[in-house]
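So the chains spell out like this:
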Amino acid sequence: MSIARLAVRSSSAAWRANQPFFVTVLAYILIALTAAARWKIVVDVKLYNKNFLFFGSVVTLILVVVVCGRLIIERPLQPLRAIKNVMLSNRLADRITVGLPVALVLPIFFSMFTSIKEGISKIQPFYADAPLTAIDRVIHGGIDAWRFFHPLLGFGPVTFSLNLLYNLWFAEVFIVLFCVVFSTWNERLRSQFLVAFVLTWVLLGNILAAAFASVGPAFVMPFYGDGTFSPLMDYLKATDITYPVLALDTQSYLLTNAGLDGPRLGSGISAFPSVHVATATLNAIYLWRFGRVLRWGSIAFLIAIQLGSVHLGWHYAVDGYVSILATSAIWAAAGWLSKNCPRPEA
């Protein structure tokens, strides 16, 4: 088969496998660019290119080390044939064919998402913190959610552990994402996850975030001059003396960037709803079918993220509650959108 025919065949297989994902991302980019022009939001579509290149390089290196380690242990008589057999048994060519185009699109998607998130205050000035605080108090017996959970969580080692897990969210999200991107065992489930992933970030992290523009407990004082959550922030700062609370550094970074124009890595302040909780929910839904360890591990991680989001001053509890319900609905909708996803040719 000629190189040209092979390229055409690979492109066709990639399009069939990823059509719902590509259509969803393209629709979002067009809408986001229109919104950016309407509200004069600065867009940087290359924001995450280096980060994804680094992550991809690390993943590739890990795979090479694993394969080499396996060869060292097994010591096959024909190492090259053994490598070929490993590649064939794991359908490496198919994984690259369907996964690489998605991996190349993801940095553009995340760059656009961050650009719009950074410009939320231009679309809708922050206003919803007081109503969200009131809702939290109704749900939690008349007190702020952080005070409701504080008797359980208000200890230095617990705070440190929750912060550590909260930071591990990035690893959990992208490890699961890339495992799905390069999976081939169930094309429809893969497509459903990828579409749900995009919709979760877009609908919750951009659209609802703009409709209910809010900054979260950690930023209520800087943005509104309201000391409602000062006791929580004082506790975190006091704990940071003995047990590092890295959330404080990240919050300071976001606050600094809020005064600048244009997106930066991870920039943008937004509380309602919680994308952290939403993506942890999505991963838990997906991993539910993969045995007890992944099933209950992902549920425990989701609970930790929900508690950490409140305890560390990032979110109101209702931000996470709504995210769990909304993500479940998005998963169902993504299943409908992906129900006719064709199976790529072998």
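The residue numbers shown here count from 1 along each chain, following its written sequence. Predicted model: local features are reported for residues with pLDDT of at least 70 only, side-chain atom pairs are reported and counted for 80 or more only, and whole-chain, interface and lining totals are derived from all residues. Derived side-chain values reflect all non-hydrogen atoms in the structure, with water molecules and hydrogen atoms excluded from consideration.

Chemist: Outline the packing of aromatic side chains, supporting the account with residue identities and numerical values.
Modeler: Pairing of aromatic side chains requires ring centres within 6.5 Å, counting the rings of Phe and Tyr and the six-membered ring of Trp. Pairs whose planes differ by under 30 degrees are stacked, by over 60 edge-to-face, and all others tilted. Taken as a whole, this structure holds 27 aromatic pairs when the rule is applied. Relative to F149, the ring of F148 has its centre 5.1 Å away and its plane inclined at 85°; by these criteria the two rings are edge-to-face. Each residue gets one of three labels from its accessible area relative to the maximum for its type: buried under 20%, exposed over 50%, partly exposed in between, using a 1.4 Å probe on protein chains only. Among the residues examined, F148 registers a relative accessible area of 43% and is labelled partly exposed. You can call F149 buried: its relative accessible area is 17%. Judged by centre distance (6.3 Å) and plane angle (5°), the ring pair of Y166 and W314 falls under stacked. Highlighted residues: Y166 in helix α8 (residues 156-181) and W314 in the loop between α14 (292-311) and α15 (317-337), separated in sequence by 148 residues. Taken individually, Y166 and W314 each receive the classification buried, so the pair is uniform in this respect. Charge-over-ring contacts are defined here by two conditions on Lys NZ or Arg CZ: a distance within 6 Å of the ring centre and an angle within 35 degrees of the ring normal. We note R295 situated over the ring of W288; from NZ or CZ to the ring centre the distance is 4.7 Å. Secondary structure is summarised from DSSP: a helix means a run of H or I of at least four residues, a strand means a run of E of at least two, and numbering begins at the N terminus for each.

Chemist: An account of the packing of helix α13 (residues 275-287) against α15 is needed here, citing residue identities and associated values.
Modeler: Interhelical geometry of α13 versus α15 gives an angle of 45° and a closest axis separation of 8 Å. Regarding the angle of α13 to α15, the classification is oblique. When you trace α13 past α15, the crossing you get is right-handed. Contact residues: α13 offers V277, A278, T281, L282, I285 and Y286, while α15 offers G320, S323, I324, T327, S328 and W331. With axes taken as lines fitted to C-alpha atoms, and helix axes fitted only over the stretch in contact, angles between N-to-C directions fall between 0 and 180 degrees. The scheme is simple: roughly parallel for angles under 35 degrees, roughly antiparallel for over 145, roughly perpendicular for 65 to 115, oblique for anything else. A clockwise turn of the near helix away from the far one marks a right-handed crossing, whereas an anticlockwise turn of less than a right angle marks a left-handed crossing. Residue contacts are defined here by distance: any two heavy atoms, one from each residue, within 4.5 Å place the two residues in contact.

Chemist: Please set out the nonpolar core residue by residue, giving values where relevant.
Modeler: Definition of nonpolar core: a set of buried residues of the types Ala, Val, Leu, Ile, Met, Phe, Trp, Tyr and Cys, connected through side-chain atoms within 4.5 Å. Counting residues in each nonpolar core, the largest one holds 90 residues, and the members touching the most others are F21, Y28, F110, L177 and F193. Here the element with the most residues in this core is helix α9 (residues 187-211); it accounts for 13 residues. Among all residues touching F193, those that are not within four sequence positions of it are V176, L177, V180, L282, N283, Y286 and W331.

Chemist: I'd like a rundown of α9, residues and numbers included.
Modeler: Between its first and last C-alpha, α9 extends 34 Å over 25 residues, near the 36 Å set by a 1.5 Å rise per residue. At L203, α9 shows its largest kink, close to 25°. For α9, the buried fraction is high: 20 of the 25 residues fall into the buried class. Whenever two N or O atoms come within 3.5 Å, that pair is a polar contact, provided that in protein one can donate a hydrogen and the other can accept it, and provided that, for residues adjacent in sequence, both atoms are side-chain atoms. Sitting at the head of α9, N186 places a side-chain oxygen 3.3 Å from the backbone nitrogen of R188. The length a helix should cover is 1.5 Å for every residue beyond the first. To get the bend at a given residue, fit one axis to the seven residues ending there, fit another to the seven starting there, and take the angle between those axes.

Chemist: So what about the pattern of salt bridges? Which residues, and what values?
Modeler: For this document, the term salt bridge refers to a Lys or Arg side-chain nitrogen within 4 Å of an Asp or Glu carboxyl oxygen. Enumeration according to the criterion identifies one salt bridge in this entry. Here D144 makes a salt bridge to R137, at a shortest N to O gap of 2.7 Å. Residue class for D144 comes out buried when judged on its relative accessible area of 5%. Judged by relative accessible area, R137 falls into the partly exposed class, the value being 33%.

Chemist: Please provide a residue-by-residue account of unusual backbone geometry, values included.
Modeler: The linkage connecting F272 with the following residue, P273, adopts the cis geometry, with an omega of -15°. Topologically, P273 is positioned in the loop between α12 (246-258) and α13. In this structure, K40 takes a positive phi of about 55° despite not being glycine. Summarising the element assignment, K40 is placed in the loop between α1 (3-39) and α2 (49-74).

Chemist: Tell me about α8, and please be specific about residues and values.
Modeler: Its 26 residues place the ends of α8 38 Å apart at the C-alpha level, agreeing with the 38 Å of an ideal helix rising 1.5 Å per residue. Maximal helix bending in α8 amounts to about 35°, located at L168.

Chemist: A description of the environment of H311 should follow, citing residues and the corresponding values.
Modeler: The residue H311 is located in helix α14 in this model. Residue class for H311 comes out buried when judged on its relative accessible area of 2%. Distance from H311 to T159, taken between C-alpha atoms, is 7.6 Å for residues 152 residues apart in sequence. Once you skip the residues sitting within four places of it in the chain, H311 turns out to touch H150, L153, G154, T159, L162, L232, Y235 and L236. In this structure the side chain of H311 is engaged in a polar contact, spanning 2.7 Å, whose partner is the side chain of T159.

Chemist: Would you mind going over the side chain of N283 in detail, with residue names and values included?
Modeler: Turning to its location among the elements, N283 is positioned in helix α13. A polar side-chain atom of N283 sits 2.9 Å from a polar atom in the side chain of E172. For N283, the residues in contact, after removing those within four places along its chain, are E172, V173, V176 and F193.

Chemist: Before we move on, can you summarise the packing of α9 against α13 with the specific residues and values?
Modeler: Axis separation between α9 and α13 bottoms out at 10 Å; the angle between their running directions is 165°. As far as their axial angle goes, α13 and α9 are roughly antiparallel. For the pair α9 and α13, the crossing hand works out as right-handed. Counted together, L189, F193, A196, F197, T200, W201, L204 and G205 of α9 and V275, A278, T279, L282, N283 and Y286 of α13 form the full contact between these two elements.

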